[in-house]
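The chain contents come next:
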Amino acid sequence: MTEVTLTITNQVGLHARPAAAFYKKSREFKSKITIQNLSRPDSKEVPVSPFYLLQLGVAQGHNVRLRANGEDEQAAIAALTQLVEENFGET
């Protein structure tokens, strides 16, 4: 299992378009990928899906933990980390 904790820095957090981009990128990998909003104490670790991503309520400045488990877990975490660090392609 590979995991990383990231801070969401884009203005709208992980909502609508950024969530769609995150989900689309996660589908490129075979590994099971989960996400948890560490900035909300009641947040549970959930599979990456459009529904769950929006339900997590990830806002700007929130910390999230990504976990991947499978044959391409390191590549999945690296690609998703890059997407987050590049603010989902938003300026």
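Residues numbered from 1 in each chain as written. Predicted model: local features only at pLDDT ≥ 70, side-chain atom pairs only at ≥ 80, totals over all residues. Heavy atoms only, no water.

Q: Talk me through helix 1 (residues 17-26); I want residue IDs and the actual numbers.
A: Taken residue by residue, helix 1 has P18, A19, F22 and S26 as its buried positions. The buried residues of helix 1 occupy an angular sector of 100 degrees when projected down its axis, which confines them to one face. As for helix 1, its buried residues are in contact with strand 2 (32-37), helix 2 (50-55), strand 4 (63-69) and helix 3 (73-85). (Buried < 20%, exposed > 50% of the residue type's maximum accessible area, 1.4 Å probe, protein only. Helix = DSSP H or I, 4+ residues; strand = E, 2+ residues; numbered from the N terminus. Arc of directions from axis to C-beta. Contact = heavy atoms within 4.5 Å.)

Q: How would you sum up unusual backbone geometry? Please name residues and give values.
A: Trans peptide bonds make up most of the peptide bonds, and negative phi angles are found at most residues other than glycine. Residue A16 is not a glycine yet carries a positive backbone phi of 45 degrees. Structurally, A16 is set in the loop between strand 1 (2-7) and helix 1. The class of A16 is partly exposed, set by a relative accessible area of 46%. Notably, F88 is not glycine yet its phi reads approximately 60 degrees, a positive angle. Assignment of secondary structure puts F88 in the segment after helix 3.

Q: Give a description of the nonpolar core that names residues and reports values.
A: Ranked by internal contacts, the top residues of the largest apolar core, which has 23 residues, are L14, F22, I33, I35, L53, L66 and F88. For this core, the elements supplying multiple residues, two or more each, are helix 1, strand 2, strand 4 and helix 3. Ranked by residues supplied to this core, first place goes to helix 3 with six residues. (Core = buried A, V, L, I, M, F, W, Y, C linked by side-chain atoms within 4.5 Å.)

Q: Explain the packing of helix 1 against helix 3 residue by residue, including any values.
A: In contact at an axis separation of 10 Å, helix 1 and helix 3 are set at 160 degrees when each is read in the N-to-C sense. Of the possible angle classes, the one that applies to helix 1 and helix 3 is roughly antiparallel. Viewed along their axes, helix 1 and helix 3 form a crossing whose handedness is right-handed. Two secondary-structure elements touch here, helix 1 through A21, F22, K25 and S26 and helix 3 through A79, L80, L83 and V84. (Axes fitted to C-alpha atoms, helices over the stretch in contact; angles between N-to-C directions. Parallel < 35°, antiparallel > 145°, perpendicular 65-115°, else oblique. Left-handed = near helix turned anticlockwise from the far one by under 90°.)

Q: Hey, could you go over the sheet that holds strand 4 for me, with residue numbers and the actual values?
A: Whether parallel or antiparallel, the strands of a sheet pair through hydrogen bonds between backbone atoms. Overall, antiparallel pairing links the four strands, which are arranged 1-4-2-3 in an open sheet. Both edges of this open sheet fall to strand 1 and strand 3 (46-47), since each of them pairs with a single strand only. Here helix 3 sits on the sheet and contacts strand 1, strand 2 and strand 4; the angle it forms with strand 1, its principal contact strand, is near 5 degrees. (Pairing = 2+ DSSP bridges.)

Q: Go over helix 3, please, and point to the residues and values.
A: With 13 residues, helix 3 extends 18 Å between its outermost C-alpha atoms, agreeing within 8% with the 18 Å of an ideal straight helix rising 1.5 Å per residue. Buried residues belonging to helix 3 abut strand 1, helix 1, strand 2 and strand 4. Note on helix 3: the residue one or two positions beyond its end, N87, has a positive phi of about 55 degrees. (Expected span 1.5 Å × (residues − 1).)

Q: Explain the environment of P47 to me, and be specific about the residues and the numbers.
A: As for its placement among the helices and strands, P47 is situated in strand 3. Linking P47 and K32, residues 15 residues apart in sequence, is a C-alpha distance of 7.6 Å. Each residue touching P47, except ones within four places of it in the same chain, is listed here: I33, T34 and Y52.

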